[in-house]
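# Per-entry structural report
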Amino acid sequence: MKSAQEDQYLEFVAERAKALYRSAYVLAAGDTYLAEDLVQETLSRVYVHWKRVARADSPAAYAQTVLVRTSLTLRRRRSTGERPTGNMPDSAAAGPDAALRLTLLDALGQLPPRDRAVLLLRYWEDRSIKETAGMLRLSSSAVRSRGTRALNRVRALLGDSLSDLVPH
């Protein structure tokens, strides 16, 4: 890669890495190590195709699409459904919403990866149904039905416990 292109890529990484990590954290259901792996894999794939990515209308949207697809591919490839339990956070959570955040992440973690991706793109990233459908290679109606089912599932998982966690 030429120096100017490499500088442009490094600038892109500096601007987008944190946002990609936040999305990856949600896709990984709070698994910080998996989120870091997803971001690293995404950025390496973007690097390989940087000439094409740099010419795209939105390199950030391209990277977000790569992140979501990488997450879904990784979930399919896992040979085991084993999940670690009793994770200890790296540091203490700050603020009164720590219990709410953990409860929501736990509920999201119980959703299938594709449903979690729909919720992430539609409500966290505030993407349109059409954009979400394109990123996930689904029809618009599939995005709507998956989104509705996923929200209902999260509501059922949370039950009345969410109202106890929300500050009044």
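Refer to the structure above for everything that follows.
Residues numbered from 1 in each chain as written. Predicted model: local features only at pLDDT ≥ 70, side-chain atom pairs only at ≥ 80, totals over all residues. Heavy atoms only, no water.

With that out of the way, let us pick up the pattern of salt bridges. Using the criterion set out here, one finds three salt bridges in the structure. Between R146 and D115 there is a salt bridge whose closest N-O contact spans 2.6 Å. Placement of the pair is R146 in helix 8 (residues 140-158) and D115 in helix 6 (residues 113-124), with a sequence separation of 31 residues. On the accessibility criterion, R146 (22% relative accessible area) is partly exposed. You can call D115 buried: its relative accessible area is 10%. A salt bridge links R127 to E125, with the shortest nitrogen-to-oxygen separation between them at 3.9 Å. We classify R127 as buried; its relative accessible area is 14%. (Salt bridge = Lys/Arg side-chain N within 4 Å of Asp/Glu carboxyl O. Helix = DSSP H or I, 4+ residues; strand = E, 2+ residues; numbered from the N terminus. Buried < 20%, exposed > 50% of the residue type's maximum accessible area, 1.4 Å probe, protein only.)

Taken as a whole and judged by the stated rule, the model has four aromatic pairs. Pairing F12 with W50 gives two aromatic rings, centres 5.3 Å apart and planes at 45°, and the pair type is tilted. Of this pair, F12 sits in helix 1 (residues 3-27) while W50 sits in helix 3 (residues 50-55), placing them 38 residues apart in sequence. The same class applies to F12 as to W50, namely buried. Here the aromatic rings of Y21 and Y25 are separated by 6.1 Å at their centres, their planes lie at 35°, and the arrangement is tilted. Here Y25 and Y21 lie together in helix 1, a separation of four residues that amounts to about one turn. Note on Y21: relative accessible area 27%, which makes it partly exposed. Residue Y25 is classed as partly exposed on the basis of its relative accessible area of 22%. The cationic tip of R122 hangs over the ring face of Y123; the distance from NZ or CZ to the ring centre is 5.5 Å. (Phe/Tyr/Trp six-rings, centres within 6.5 Å; stacked < 30°, edge-to-face > 60°. Lys NZ or Arg CZ within 6 Å of the ring centre and 35° of its normal.)

A word on the packing of helix 1 against helix 2 (residues 32-48). Running from N to C, helix 1 and helix 2 cross one another at 150°; their axes reach a closest spacing of 9 Å. What the angle tells us is that helix 1 and helix 2 run roughly antiparallel. Seen along the crossing, helix 1 lies across helix 2 with a hand that is right-handed. Contact with helix 1, carried on its side by E6, Y9, F12, V13, L20, Y21, A24 and Y25, involves T32, A35, E36, L38, V39, L43, S44, V46 and Y47 of helix 2 and no other residues of that element. Along the lines of polarity and charge, the residues of the contact of helix 1 with helix 2 split into 13 nonpolar, two polar and two charged. (Axes fitted to C-alpha atoms, helices over the stretch in contact; angles between N-to-C directions. Parallel < 35°, antiparallel > 145°, perpendicular 65-115°, else oblique. Left-handed = near helix turned anticlockwise from the far one by under 90°. Contact = heavy atoms within 4.5 Å. Nonpolar A, V, L, I, M, F, W, Y, C, P; charged D, E, K, R; others polar.)

Our next topic: the nonpolar core. Residues V46, V68, L136 and V154 are the most contacted members of the largest nonpolar core, which totals 35 residues. Contributing elements (two or more residues each) for this core: helix 1, helix 2, helix 3, helix 4 (59-77), helix 5 (98-109), helix 6, helix 7 (129-136) and helix 8. Residue contributions to this core peak at seven residues, all from helix 1. Once residues within four sequence positions are removed from consideration, V46 is found in contact with Y9, F12, V53, Y62 and A63. (Core = buried A, V, L, I, M, F, W, Y, C linked by side-chain atoms within 4.5 Å.)

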